[in-house]
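Secondary and tertiary structure notes
Here are the chains, one letter per residue:
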Amino acid sequence: MSENGALHQEDVLVRRGRRSGAAITVAVHSRVLGPAVGGCRIWTYPSWQDGASDAMRLAEAMTYKCAAAGLEYGGGKTVVALPMGTVLTPRLRRDVLHDVGEMVATFEGSYLVGPDVGTGPEDMMTIREVTPHSFCLPQEHGGTGNSGTPTARGVQAALRAGARHVFGSESLSGRRVVIAGYGSVGSRLAADLSRAGATVVVSDVDGRKQAAAESAGYSWVEPEQALRTAADVLVPAAVGGVLNPETVATLDVPLVIGPANNQVTSNAVADLLADAGTVWVPDFVTSAGGVIYVLNREVGGLDHDDAAARVEVIEETVDQVLDAARAGGTTPLHESMVLAERRLGTAGAE
Ligand SMILES: NC(=O)c1ccc[n+]([C@@H]2O[C@H](COP(=O)([O-])OP(=O)(O)OC[C@H]3O[C@@H](n4cnc5c(N)ncnc54)[C@H](O)[C@@H]3O)[C@@H](O)[C@H]2O)c1
């Protein structure tokens, strides 16, 4: 994303939570297309400044995600930076979420908060005790619940387009697919791809998942091997920063598409991937299924079928950026950013 050192955020609110004492940052990167949306991450960081930087980086990525997905929303993010080793008791968690709600309320609906790493739909209900501006509520409260399913559906749409470009056919039947991260999205993808005839290999830092993965019929590789395993497709479905100069040097896969946010450590890594002959589609395009579905249902009022159909637009977007990259001799990252910036620029000029 932007790497020139300039401040691109519209608003950044950093506060020591008055109930929890936690360092909380709400970053609103852009409202050019509409109200900013973005999840609340509760994680441990070496310092509050690291949490604040993460919030700004993630908020910017949300702006690109919404713009590339054709959503009329901007990008924001909340990060609760807990000191390393913090034990989040139920009481502290509640205090943190009420502090977050108080900060979100100050944006008066121009920033809506959802779940992210460390939070879930139940936490959005706790935030609702303070402000109505949270989304992705539990199903029993009229929300859409865990967004893993629509996110996985969006990744599959991206995979169809990616496979057409790289293998000449959208089918992954008989292809070897490595899924790095066997969590909410990764496990759904494993099941869907396996049903479609792919040979699925999974990995996770949580070794307890190995037995479940193997009994579901998948092969298992240790996490440090996952990115070196020869395969047709690599699906990063765990944490960010997995694609860097060291890992790219040992990749043995022609196509990389997955949901993990912020997969590359810098934009230059996209060039390294292209030089190595690997097609990588940026995560801000491929991971948008959850946000497309949830916002169209909970805020836009669409029913399940209509909201699910909107997720499929990711296939067309991936086709478009891969065609443009091939025709122009550029990278899919470059073309995805051009697409998002065109939408942002057009909206600003109207
Ligand atoms: N769930 C969504 O709707 C959604 C939407 C957009 C993006 N994402 C992103 O997709 C990724 C996966 O999301 P999720 O909801 O499945 O998360 P999750 O927490 O359910 O699963 C992540 C899994 O990755 C594992 N993991 C962590 N570090 C790892 C490593 N270094 N190597 C291998 N495995 C590792 C964890 O043990 C966990 O099982 C995350 O980066 C998330 O931010 C998720």
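Analysis parameters
Residues numbered from 1 in each chain as written. Predicted model: local features only at pLDDT ≥ 70, side-chain atom pairs only at ≥ 80, totals over all residues. Heavy atoms only, no water. Buried < 20%, exposed > 50% of the residue type's maximum accessible area, 1.4 Å probe, protein only. Helix = DSSP H or I, 4+ residues; strand = E, 2+ residues; numbered from the N terminus. Pairing = 2+ DSSP bridges. Axes fitted to C-alpha atoms, helices over the stretch in contact; angles between N-to-C directions. Left-handed = near helix turned anticlockwise from the far one by under 90°. Contact = heavy atoms within 4.5 Å. Salt bridge = Lys/Arg side-chain N within 4 Å of Asp/Glu carboxyl O. Near = heavy atom within 4 Å. Polar contact = N/O pair within 3.5 Å; in protein donor to acceptor, adjacent residues only side chain to side chain. Areas by Shrake-Rupley, 256 points an atom, 1.4 Å probe, with all protein chains shown as cover. Nonpolar A, V, L, I, M, F, W, Y, C, P; charged D, E, K, R; others polar. Phe/Tyr/Trp six-rings, centres within 6.5 Å; stacked < 30°, edge-to-face > 60°. Lys NZ or Arg CZ within 6 Å of the ring centre and 35° of its normal. Domains from an automatic or database assignment. Arc of directions from axis to C-beta.

Attention now moves to the pairing of strand S2 (residues 23–30). Extensive coverage of S2 is indicated by the burial of seven of its eight residues. Taken together, the six bridges between strand S1 (residues 11–16) and S2 define a ladder with antiparallel strand orientation. Looking across to S2, one finds that valine 12 is bridged to alanine 27. What sits between the antiparallel neighbours S1 and S2 is a turn of six residues, in which glycine 21 has the positive phi angle 75°. Pairing geometry for S2 and strand S4 (residues 74–83), over seven bridges, is antiparallel. In the strand pairing of S4, valine 28 is matched with glycine 76.

With that settled, consider the packing of helix H4 (residues 148–167) against helix H13 (residues 313–328). Contact geometry for H4 and H13: axes closest at 8 Å, N-to-C directions at 35°. Remark: the crossing between H4 and H13 carries right-handed chirality. Only Ile314, Glu315, Val318, Asp319, Leu322, Asp323 and Arg326 of H13 make contact with H4, whose side of the interface consists of Gly154, Ala157, Ala158, Arg160, Ala161, Gly162, Arg164 and His165.

One pass over the structure, following the stated rule, counts 22 salt bridges. Notably, a salt bridge pairs arginine 18 with glutamate 102, separated by 2.6 Å at the nearest N-O pair. Note that arginine 18 is positioned in the loop between S1 and S2 and glutamate 102 in helix H2 (residues 90–105), a separation of 84 residues in sequence. The class for arginine 18 is exposed, based on a relative accessible area of 62%. Two residues, arginine 41 and aspartate 116, come together in a salt bridge whose shortest N-O distance is 2.5 Å. Within this pair, whereas arginine 41 is found in strand S3 (residues 36–45), its partner aspartate 116 is found in the loop between strand S5 (111–115) and helix H3 (121–128), the two being separated by 75 residues in sequence. The same class applies to arginine 41 and to aspartate 116, which are both buried. The structure contains a network of salt bridges with shared partners spanning Arg153, Arg160, Arg164, Glu170, Glu312, Glu315 and Asp319.

On to the sheet that holds strand S7 (residues 199–203). As a general point, the strands of a sheet are linked pairwise by backbone hydrogen bonds and lie either parallel or antiparallel. The six strands are arranged S8-S7-S6-S9-S10-S11 in an open sheet whose pairing can be described as parallel. Either end of the sheet is taken by a strand with one partner, and the two such strands are strand S8 (219–220) and strand S11 (279–280). Of the pairings in the sheet, the one linking strand S9 (residues 233–236) to strand S10 (residues 255–256) comprises two bridges and is parallel in character. Bridge assignment links leucine 234 to a residue of S10, and that residue is valine 256.

The subject of this paragraph is the site of the ligand. Among the 21 residues in the neighbourhood of the ligand, the closest are listed as Ser147, Thr151, Asp204, Lys209 and Ala238. One nitrogen or oxygen atom from the side chain of serine 147 is found 2.6 Å from an oxygen atom belonging to the ligand. The backbone of valine 205 places a nitrogen or oxygen atom 3.3 Å from a nitrogen atom of the ligand. In isolation the ligand exposes 830 Å². Once the protein is present, 73% of that is buried. Looking at the shell around the ligand, the elements with two or more residues in it are H4 and helix H5 (184–195). For the shell around the ligand, the per-class residue count stands at nine nonpolar, eight polar and four charged.

This part is about the packing of aromatic side chains. Per the counting criterion, the structure on display carries three aromatic pairs. Seen from their ring centres, tyrosine 182 and tyrosine 218 are 6.1 Å apart, and the 75° between their planes marks the pair as edge-to-face. Taken together, the positions of tyrosine 182 in the loop between strand S6 (176–180) and H5 and tyrosine 218 in the loop between helix H6 (209–215) and S8 put the pair 36 residues apart, joining distant regions of the chain. Accessibility assignment for this pair places tyrosine 182 and tyrosine 218 in one class, buried. Over the face of the ring belonging to phenylalanine 167 we find arginine 175, whose NZ or CZ atom lies 4.0 Å from the ring centre.

Here we come to the domain arrangement of the chain. For the chain, the domain assignment lists domain 1 (11–59 + 74–141) and domain 2 (148–288 + 315–342). The gap between the C-alpha centroids of domain 1 and domain 2 is 28 Å.

Right, let's talk about helix H12 (residues 304–311) for a bit. All of the buried residues along H12 are Ala307, Ala308 and Val311. Taken down its axis, H12 places every buried residue within 100° of arc, on the same side. The secondary structure elements touched by the buried residues of H12 are H4, helix H11 (289–298) and H13.

A separate point is H11. H11 sits mainly inside the fold: eight of its ten residues count as buried. Within the span of H11, buried status applies to Gly289, Gly290, Val291, Ile292, Tyr293, Val294, Leu295 and Asn296. Residues of H11 that are buried sit in contact with S3, helix H1 (48–68), H4, H12 and H13.

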